[in-house]
Amino acid sequence: MAEQPTLGEILKKSEEFLVRKAIDNARGDARRLLAHGLGIAPMQVLLQFERPLTDAEVATLRALVVRRSQNEPLQHILGTVGFRHLEIRCDARALVPRNETEQIVDEVLSRVKGTPKARVHEVGIGTGCISLSLRHERADLRVTASDISPDALALAGRNAQILGIWVPMLRMDLLAGIRPDSLDAVVSNPPYIASREIAKLSAEVQADPLLALDGGADGLDIFRRLVPQALDALKPGGWLVAEHGFDQGISTRELCGQGWTDVATVRDLSGQDRFLVAQKE
Ligand SMILES: C[S@@+](CC[C@H](N)C(=O)[O-])C[C@H]1O[C@@H](n2cnc3c(N)ncnc32)[C@H](O)[C@@H]1O
């Protein structure tokens, strides 16, 4: 009878297979997938190199690695992604939360710091990562959120339920149903990729819903509507905080004309222009 393969051997084979399939970060992904399949922490994969695997375990791991080799996003296979302090469920119904977006929560929190029970509305909730983090990190905030996608709202609702964090959510086009002068902050990570660029993106990014990516001809269609709507919805002195592409700092600032003050671009941790911040006069 053939000897059972060890976890170390399967890790090596999986990594080599993913490299042959041109998967970025083949080593890291192979380790995460094997850990997921065996229900252990990724670090344990390295500590259990000599562990013999059963036929059933090998079959489970092979199926996961094959899915990744076909460009299915790692986060969809794992089913969750870490975002700040939360474990967020993710699947094809909404954008996979990105690392650089974590900072938008700090940008909002620092601007409503001196405002107890500040009213914050998120446009385009996706998985819920931003709104749920805001509520989790400042329980007194009155956070509401919306999305035009029923799929995203269903996923965000499920995340809220699992995490036990209460954020009222509704289906709405941008800020259409929000009372004028009622918000202390509007936060959004809207779709901002130019339509013609989408076909050039990696297969993993293209697994995100088109509605979460496509910002029209120059990527700024949503910004052009969001900026004036936010001006209307914010209280005097309220803040708009919105994520954008690395090359959209100037053009998003230019959209904030009369009625806005303190218009600025905040860079992300890699030094790229990333967030428009603007205060209503
Ligand atoms: C880039 S995703 C961001 C999701 C999540 N907030 C995040 O940061 O991971 C943009 C979201 O905006 C939503 N969206 C697109 N157009 C919209 C509109 N007109 N009104 C409201 N939401 C919209 C999409 O469905 C998508 O969930």
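Nothing here was measured: the structure is a model prediction, and the numbers come from that model.

### Digging into the domain arrangement of the protein chain
Item 1. What the domain assignment reports for the protein chain is domain 1 (7–70) and domain 2 (82–280).
Item 2. Taking the mean C-alpha position of each, domain 1 and domain 2 sit 35 Å from one another.

### Regarding the site of the ligand
Item 1. Around the ligand sit 24 residues in total, of which G124, G126, S149, N189 and A212 are the nearest.
Item 2. Residue classes in the shell around the ligand are distributed as 15 nonpolar, seven polar and two charged.

### Brief notes about the packing of helix α6 (residues 102–111) against helix α7 (residues 129–137)
Item 1. Following both chains from N to C, one finds α6 and α7 inclined at 50°, their axes separated by 10 Å at the closest point. In terms of orientation, α6 and α7 fall into the oblique class. When the axes of α6 and α7 are compared, the crossing they make is right-handed. Residues I104, V105, V108 and L109 of α6 lie in contact with α7, whose contacting residues are I130, S133, L134 and E137.
Item 2. Taken together, the residues of the contact of α6 with α7 sort by class into six nonpolar, one polar and one charged.

Conventions and cut-offs
- Residues numbered from 1 in each chain as written.
- Predicted model: local features only at pLDDT ≥ 70, side-chain atom pairs only at ≥ 80, totals over all residues.
- Domains from an automatic or database assignment.
- Near = placed C-beta within 6 Å.
- Nonpolar A, V, L, I, M, F, W, Y, C, P; charged D, E, K, R; others polar.
- Axes fitted to C-alpha atoms, helices over the stretch in contact; angles between N-to-C directions.
- Helix = DSSP H or I, 4+ residues; strand = E, 2+ residues; numbered from the N terminus.
- Parallel < 35°, antiparallel > 145°, perpendicular 65-115°, else oblique.
- Left-handed = near helix turned anticlockwise from the far one by under 90°.
- Contact = placed C-beta atoms within 7 Å.

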